[in-house]
Amino acid sequence: MKRFVYMFLPLLFVLNLSYASSLMQQIEEERIKLVEKVSPGVATIFTIKEVKVVNPFAGNPFGDFFGVPNVPEFKERQEGLGSGFIVKVDHKKKLVYLLTNNHVVENAQNIKVQFKNDVVIDAKIIGTDKMSDVAVIAVPFKEGIEKYAEQHKLQLGDSDRLKPGTTVIAIGSPLGLTGTVTMGIVSALDREMPGHPGEGFIQTDAAINPGNSGGPLINLKGEVIGINTAIIMGAQGLGFAVPINQAKWVMDQILKYGKVKRSKIGVVIQPLTPELAKHFGVKKGVLVAQVVKGGPAEKAGIKSGDIIIAVNDKPVSKISQLQKYVMRNPPGTKIKITVIRNGEKKDIYVKTGSWDGEEVTSANMQEMEAKYGIIVKDITPDLVERYRIPKVPYGVFVLGVKYGSVAEEAGVRTGDVILTINRKPVRSAQDFWKEIKKAEKEGRDSVLLFIQRGGSKIFTVMPILKK
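Residues numbered from 1 in each chain as written. Predicted model: local features only at pLDDT ≥ 70, side-chain atom pairs only at ≥ 80, totals over all residues. Heavy atoms only, no water.

What follows concerns the packing of aromatic side chains. Scanning the entire structure with this criterion turns up five aromatic pairs. Summarising the aromatic geometry, the rings of Y372 and W433 are spaced 6.1 Å apart at their centres and angled 45 degrees between planes, so their arrangement reads as tilted. Here the residue Y372 occupies a position in helix α9 (residues 362-372), and W433 occupies one in helix α12 (residues 429-442), the gap between them amounting to 61 residues. Residue class for Y372 comes out buried when judged on its relative accessible area of 0%. With 4.9 Å between their ring centres and 85 degrees between their planes, F432 and W433 make a pair best called edge-to-face. What makes W433 buried here is its relative accessible area of 0%. A network of ring pairs unites the aromatic residues Y372, F432 and W433 as a single cluster. Here K261 stacks its cationic end above the ring of Y257, 4.2 Å away from the centre of that ring. (Phe/Tyr/Trp six-rings, centres within 6.5 Å; stacked < 30°, edge-to-face > 60°. Helix = DSSP H or I, 4+ residues; strand = E, 2+ residues; numbered from the N terminus. Buried < 20%, exposed > 50% of the residue type's maximum accessible area, 1.4 Å probe, protein only. Lys NZ or Arg CZ within 6 Å of the ring centre and 35° of its normal.)

Another point: the pairing of strand β24 (residues 417-421). Of all the five residues making up β24, five are buried; the element is thus mostly covered by neighbouring parts of the structure. Two strands pair when backbone bridges link them, and strand β23 (residues 396-401) and β24 are joined in this way by two bridges, in the antiparallel orientation. Residue F397 lies in a different strand from β24, and its bridge partner there is V417. Relative to strand β26 (residues 446-453), β24 runs antiparallel, the two being bridged by four bridges. Of the residues in β26, the one forming a bridge with V417 is Q452. (Pairing = 2+ DSSP bridges.)

Among the residues making up helix α4 (residues 145-152), those that are buried are I145, Y148 and A149. Viewed along the axis of α4, the buried residues span an arc of 100 degrees, placing them on a single side of the element. The exposed residues of α4 that point more than 90 degrees off its buried face are K147 and Q151. (Arc of directions from axis to C-beta.)

Taken together, the side chains of I375, Y387 and L399 present a nonpolar region at the surface, about 230 Å² in accessible area. Relative to the helices and strands, Y387 is located in helix α10 (residues 381-387). Under the relative-accessibility criterion, Y387 is labelled partly exposed at 37%. (Patch = residues over 30% accessible without salt bridge, like charges linked within 9 Å, V, L, I, M, F, W, Y side chains within 5 Å. Areas by Shrake-Rupley, 256 points an atom, 1.4 Å probe, with all protein chains shown as cover. Salt bridge = Lys/Arg side-chain N within 4 Å of Asp/Glu carboxyl O.)

Turning our eyes to something else, we now look at the sheet that holds strand β10 (residues 201-204). Working definition: the strands of a sheet are paired by backbone hydrogen bonds and lie parallel or antiparallel to each other. Taken in spatial order, the six strands close into a barrel running β8-β9-β10-β13-β12-β11, and their pairing is antiparallel. For this sheet, the mean angle separating the axes of adjacent strands, direction not counted, is 45 degrees. Examined bridge by bridge, strand β9 (residues 180-191) and β10 share three bridges and lie antiparallel to one another. Along β10, the bridge assignment pairs R191 with F201. The strands that helix α5 (residues 244-257) touches are β12 (224-231) and β13 (239-243); relative to β13, the one it contacts most, it runs at about 50 degrees. (Axes fitted to C-alpha atoms, helices over the stretch in contact; angles between N-to-C directions. Contact = heavy atoms within 4.5 Å.)

Set out below in structure tokens:
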């Protein structure tokens, strides 16, 4: 009997190889069909921007030699490249809408969209959102593009159902190589990136390069589950995409209001480390470090030291989750915040405030710091101990001042405590930059700062830079 089985082993092996080869061929054919179906819905975006360039030859005779004007800075034409994809055809407005990244079209004076059928049409920006890095652009009905778009608009999937290990395909124009297809898996979910609070990005090892930005990341059903948006320079196999559910929400807001309306509740939060979790006797949640005076959270009764564990019964274990669940509500919405306070569970109902244009977020905080040449921080027990900050009722600590900046010229020094702006108490870095932005918006020339410097107090005037 054994001899009989051994005789047929080579035949079984050949049959298995044949079956495996047939299966692999079938999988490959299905993948090719998928790419052929989706690719026509992906477009290449060409932009022209004017950027300010600091003149290294200003006041130097070598500038004339190189043909550079003798001015401190000058404008230079810059060409950009990215990707986008068709999402909607509006026959009433006679527009074809595409999704892409904000950074692809931001500050562009001219935008052209080239479709897979080689038709090139001038596009306009419908709306952008820097925080999520999503933009909606549109092209008018020309050269039969409406019929082409109807046939090839892409189906949007559900990114909330994604799991690490899911096979994904990226399509775009990396380095100008249009129609490039790369494949990989979802490496991780809910990745936080600087400047994008509440925006948990998809991490993938599908090859993404400059020019892929704005293109679709699709699953094996041909559904878009993300917008390729970022890479880490110098790293391999590290690409990031905006989850399509996030992008859909942003797009709906832009098409409805012309901008994105987000909510806030007015709390400063921090992660719940294992040590803090043990101290507070909880397993998951985020810790309220500070409650903004006069904000929605304070009015509703949320206190510093509360552990937020849920928003509208959705569990919260990360800061990004709390931010997402709060921000994705129209301002003025009443939401249920579940907290643990002194070991007891409490439901607190908060009416959200508006995350308006004057609000300074981590998305533009660094821009403001660079613009004025000053870094201010909330006064914490750690800073008080480290820098021996004098006892003050309120204020922000000046951690650094750049030489030659507006702040330095105004006489602000590292180690100062700014108590008020235009005689208004400053209680946080958010307050400080909010007042600066308010002064910009009102067209003021300067603001009055009241500063604690050691044992003395002084007034100084800091100029306001025009937008």
